[in-house]
Amino acid sequence: NSSDLSPSSFILASIPGLEAAHFWVAIPLCSVYIMAVAGNCAVLFIVKTEPSLHVPMYFFLCMLAAIDLALSTSTVPRVLAFYWFNTREISFGACLIQMFFIHTLSAIESTILLAMAVDRYVAICHPLRHAAILTNAATVKIGLAAMARGVLFFLPLPLLLLPLPFCSSRVLSHSFCLHQDVMNLACANTTPSVVYGLTAILLVMGLDALLICLSYLLILKSVLRLALWKERLKVFSTCIAHICVVLAFYVPLIGLSVVHRFGKDLAPLVHITMGNIYILVPAVLNPIIYGVRTKQIQRRILNLI
């Protein structure tokens, strides 16, 4: 019963039946968060100090690491405070700010993944022009364009929710704020917010996913022209890390979208679990994937250990 709350607050979702065990539930969540922070900070440090990695592909990897740090840090500490100190209430303004960061950073990450796919396409299909096309200056411009694109497309989401009245029941489906979740609690016509949110996702994440698939179709076409299977595997192996990172980002994103769209009757635990996977899995897996696939990163990590 949240009718006694001020009209400017929401209640974060708890795990039904495990309220008494929240302290212990938060320990593995905190451990995963520490792994994500340590891994992404290690990637940033290694790329900065390893001259052989000062190329566009690893500059894009640094951007991914910074985005993952920002995305997980904008959500997990608040979730841990909820689990450890039972601070379930979050103000309306803080909820909108957190929502903006989550969706905007996700859009920026999607754009960077597309840029990395284009980098692989140029490196494999037009190797002689790679250095001229993807210069360091071009990499910086792509990063700034990705940031501007994310902000411009997803800034209207909290602004569309700002004037809406909300019902007395203000319990969210997750331990943090997402646009779809907050929008479902509004006691007004949410059609503009629904239409704009769907349009923004299709024009950013949807379009990026299609272009990434197109890039890999062109890469595959170029690889199949090689005469020897050993050469084909060697060339295509340079894309394996990026393919894994793309899957680590888009699979939780699609899963969370499906749960919101068709999973209204699912147990609350499913919503909470999918939300945590969406926030933490890419942040944890990205440095591990590139650490396994990149010898320079492996060597520097061993030296650090």
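Note that this is a predicted model, so its numbers are computed, not measured.

**Here we look at the environment of I124**
With respect to the helices and strands, I124 occurs in helix α4 (residues 92-125). In this structure, the C-alpha to C-alpha distance between I124 and T49, residues 75 residues apart in sequence, is 26 Å. Among all residues touching I124, those that are not within four sequence positions of it are I219, S222, V223, V235, T238 and C239.

**Let's talk about the packing of aromatic side chains**
The description of an aromatic ring pair rests on the distance of the ring centres and on the angle between the ring planes. Under the criterion given, the structure shown has eight aromatic pairs. Their ring planes at 45° and their centres at 6.1 Å tell us that F23 and W84 sit as a pair that is tilted. Taken together, the residues span a long stretch of sequence, with F23 in helix α1 (residues 22-49) and W84 in helix α3 (residues 76-85) at a distance of 61 residues. Since its relative accessible area comes to 42%, F23 is described here as partly exposed.

**Digging into the pattern of salt bridges**
Taken as a whole, this structure holds three salt bridges when the rule is applied. A salt bridge links R120 to D119; its shortest N-O distance comes to 2.9 Å.

**As for the UniProt feature "transmembrane region" (unreviewed entry) in the protein chain**
UniProt's entry tags residues 20-46, 58-84, 90-118, 130-155, 194-219, 240-263 and 269-292 with the feature "transmembrane region" (unreviewed entry), counted in the numbering of this structure. Helix makes up 100% of residues 269-292 and strand 0%, with an end-to-end C-alpha separation of 32 Å.

**Digging into the state of the cysteines**
Counting across every chain of the model gives one disulfide. Across a sulfur-sulfur distance of 2.0 Å, C95 and C177 are joined as a disulfide pair. Judged by the sign of its S-S torsion, about -120°, the cystine formed by C95 and C177 is left-handed. With C95 in helix α4 and C177 in the loop between α7 (156-161) and α8 (179-183), this residue pair connects regions lying 82 residues apart in the sequence.

**Focus on the environment of I240**
Relative to the helices and strands, I240 is located in helix α11 (residues 240-262). Taking the C-alpha atoms as reference points, I240 and R293, separated by 53 residues in sequence, lie 8.2 Å from one another.

**Here we look at the nonpolar core**
Residues F10, L113, V182 and Y290 are the most contacted members of the largest nonpolar core, which totals 81 residues. Here this core takes 16 residues from α4, the largest share from any one element. Excluding anything up to four places from it in sequence, L113 contacts L64, I212, H242, V245, V246, F249 and Y250.

**Considerations on the layout of surface pockets**
Using a probe with the size of a water molecule, rolled over the atoms, empty space left in the structure can be pinpointed. Computed from the structure, the largest pocket encloses a volume of approximately 810 Å³. Top contributing element to the lining of the largest pocket by residue count: helix α9 (residues 191-224), with nine residues. If you add up the space inside the second largest pocket, you get close to 330 Å³. In this structure, the second largest pocket is lined by 18 residues; those nearest its centre are V171, L172, S173, D181 and H271.

**Describing unusual backbone geometry**
Phi angles above zero are rare outside glycine, and N86 is one such case at about 60°. Structurally, the position occupied by N86 is in the loop between α3 and β2 (89-91).

**Re the environment of P282**
With respect to the helices and strands, P282 occurs in helix α12 (residues 268-293). For P282 and V32, which are 250 residues apart along the polypeptide, the C-alpha to C-alpha distance reads 11 Å. Leaving out residues up to four positions away in the same chain, P282 has contacts with D68, E109, A248, F249, I277 and P287.

Basis of the calculations
Residues numbered from 1 in each chain as written. Predicted model: local features only at pLDDT ≥ 70, side-chain atom pairs only at ≥ 80, totals over all residues. Heavy atoms only, no water. Helix = DSSP H or I, 4+ residues; strand = E, 2+ residues; numbered from the N terminus. Contact = heavy atoms within 4.5 Å. Phe/Tyr/Trp six-rings, centres within 6.5 Å; stacked < 30°, edge-to-face > 60°. Buried < 20%, exposed > 50% of the residue type's maximum accessible area, 1.4 Å probe, protein only. Salt bridge = Lys/Arg side-chain N within 4 Å of Asp/Glu carboxyl O. UniProt positions renumbered as here; feature names shortened; annotations may be inferred. Disulfide = S-S within 2.5 Å. Core = buried A, V, L, I, M, F, W, Y, C linked by side-chain atoms within 4.5 Å. 1 Å grid on protein atoms, 1.4 Å probe; cavity = no way out; pocket = protein on both sides within 12 Å on 5 of 7 lines; lining within 4 Å. Points joined across faces, edges and corners; volume = space filled by probe spheres on them.

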